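A closer look at the structure
What follows is the residue order along each chain.
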Amino acid sequence: MSSHTRIILVCSGKGGVGKTTLTANLGIALASQGAKTAVLDADFGLRNLDLLLGLENRIVYTAQEVLEESCRLDQALVRHKQESNLSLLPAGNPRMLDWLKPDDMQRIVAMLSEQFAYVLIDCPAGVEDGFKNAVSATKEAIVVTNPEVSAVRDADRVIGLLNTHGVKPVQLVLNRVRPKMIASQDMLSVEDVTDILALPLLGLVLEDEQVIVSTNRGEPLTLNGQSSPAARCYTNIARRIQGEDIPLIDPSKEGSGMRDKFRRLMQTKIF
Ligand SMILES: Nc1ncnc2c1ncn2[C@@H]1O[C@H](COP(=O)(O)OP(=O)(O)OP(=O)(O)O)[C@@H](O)[C@H]1O
Ligand SMILES: [Mg+2]
């Protein structure tokens, strides 16, 4: 499987834009679509992928013990209870940051590539060593950004660095999109952001309070096919990663208009 494994870095530059949430939801979605998937927490300083996946109490070993060869990879991998195609390799102690090198990340990812069809790497914010280590081990990348000027500027910087490192393809996910704010011209539109960053758009994720609820529960929205606006967005992104041709949602058609009401009624088969 090794050479066919898709190794995808989820990065952003700016902190708090939704990398870990996207990694957790895509991991569950890809796994539920039948793909053996590993998620690697490369945010050694402030790990929280384990929390979002509800796996924090099941961690015995981490990437650190694997690298130190005091345990085997399969002893450190935490398999998701409901979605057995998904495994997490937890981040080790933050002190690892003192000695971790690109070689170490490459070793870990090479080991994961032998067992999994997808390896998703949850990158730390910033463009310092944590980012550089993670970039050195990846083939392709998803840049997550929000429709905000500061997030877009940081994304632009990261895209430059990904190009320098020869990472390809690099695709964009625009997270926390609010159709009403775009309509009232209080938020950058999808076209504004894609024009500035000149990257292919892999998908949009709508602003959705269910994301916060699911984070607190440790149950990603894509688990059990939960159907909230963001869950649909994450599922579509996973299907596009798998090569399906799924049309992008049009934010101007999302919201509370009559058209939406009609569509919902059609879906519940009242007619
Ligand atoms: N589409 C969304 N709608 C609403 N809230 C969201 C959405 N996406 C992310 N959030 C919220 O934004 C916050 C930051 O998300 P997350 O931790 O995934 O970001 P991050 O980029 O991994 O942050 P860091 O850089 O600190 O690692 C969380 O509270 C999360 O619930
Ligand atoms: Mg994070």
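The sections below set out a description of the structure shown in this document. (Residues numbered from 1 in each chain as written. Chains lettered and ligands numbered in written order. Predicted model: local features only at pLDDT ≥ 70, side-chain atom pairs only at ≥ 80, totals over all residues.)

**Considering the packing of helix α5 (residues 102-113) against helix α6 (residues 129-136)**
Note the cut-off: To define axes, lines are fitted to C-alpha atoms, for helices over the stretch in contact only, and angles between the resulting N-to-C directions are given on a 0 to 180 degree scale. Numbering of helices and strands runs from the N terminus; a helix is a DSSP stretch of H or I covering at least four residues, while a strand is a stretch of E covering at least two. By the definition adopted for this analysis, an angle is roughly parallel if under 35 degrees, roughly antiparallel if over 145, roughly perpendicular if from 65 to 115, and oblique otherwise. Take the far helix as your reference; a near helix turned counterclockwise from it by less than a right angle gives a left-handed crossing, and one turned clockwise gives a right-handed crossing. By definition, residue pairs are in contact when their C-beta atoms, positioned from the backbone, come within 7 Å. Residue polarity follows a fixed list, in which Ala, Val, Leu, Ile, Met, Phe, Trp, Tyr, Cys and Pro are nonpolar, Asp, Glu, Lys and Arg are charged, and the others, Gly among them, are polar.
Packing of α5 against α6 leaves a shortest axis separation of 8 Å and a crossing angle of 45°. One way to sum up the angle between α5 and α6 is to call them oblique. For the pair α5 and α6, the crossing hand works out as right-handed. For the pair formed by α5 and α6, the contact residues are P102, M105 and Q106 on the first element and K132, N133, A134 and S136 on the second. A class-by-class count of the residues in the contact of α5 with α6 yields 3 nonpolar, 3 polar and 1 charged.

**Focus: the site of ligand 1**
To keep it simple, the criterion reads: In this analysis a residue is considered near a molecule or strand if the C-beta atom, reconstructed from its backbone, is found within 6 Å of that molecule or strand.
As a matter of local geometry, ligand 1 sits amid 19 residues, with G15, K19, T20, T21 and A125 nearest to it. Of all the secondary-structure elements, those providing two or more residues to the shell around ligand 1 are α1 (19-32), β7 (170-177) and α10 (209-217). Its residues placed into classes, the shell around ligand 1 shows 6 nonpolar, 8 polar and 5 charged.

**Re helix α11 (residues 229-241)**
The condition that has to hold: A helix's residues, less one, multiplied by 1.5 Å, set its expected span. For the exposure call, what matters is how many other C-beta atoms sit within 10 Å of a residue's own: 20 or more marks it buried, 12 or fewer exposed, and in between partly exposed, using C-beta atoms placed from the backbone.
Counted at 1.5 Å a residue, the expected span for α11 with its 13 residues is 18 Å, and the 19 Å between its end C-alpha atoms agrees. Within α11, the full set of buried residues consists of A230, A231, C233, Y234, T235, N236, I237, A238 and I241. Those residues of α11 hidden inside the fold are in contact with α1, β7, β8 (201-206) and α10. Immediately beyond the C-terminal end of α11, within one or two residues, lies G243, with a positive phi of roughly 100°.

**Here's the deal with the nonpolar core**
The cut-off we apply is this: What makes a nonpolar core is a set of buried Ala, Val, Leu, Ile, Met, Phe, Trp, Tyr and Cys residues, with links drawn between C-beta atoms within 7 Å.
Core analysis: the largest hydrophobic core is formed by 81 residues, its most contacted members being V10, V119, I121, V143 and Y234. Those residues in contact with V143 that sit more than four places away from it in its chain are C11, S12, A155, V158, I159, V170, L172 and L199.

**As for unusual backbone geometry**
Residue P169 is reached from K168 by a cis peptide bond, and omega for that bond is -5°. Examined against the element boundaries, P169 turns out to sit in the loop between α7 (149-164) and β7. For R176, which is not glycine, the phi dihedral falls at a positive 65°. Residue A198 is not a glycine yet carries a positive backbone phi of 50°. Position of A198 relative to the elements: it lies in the loop between α9 (190-197) and β8. You can call A198 exposed: it has 9 C-beta atoms within 10 Å.

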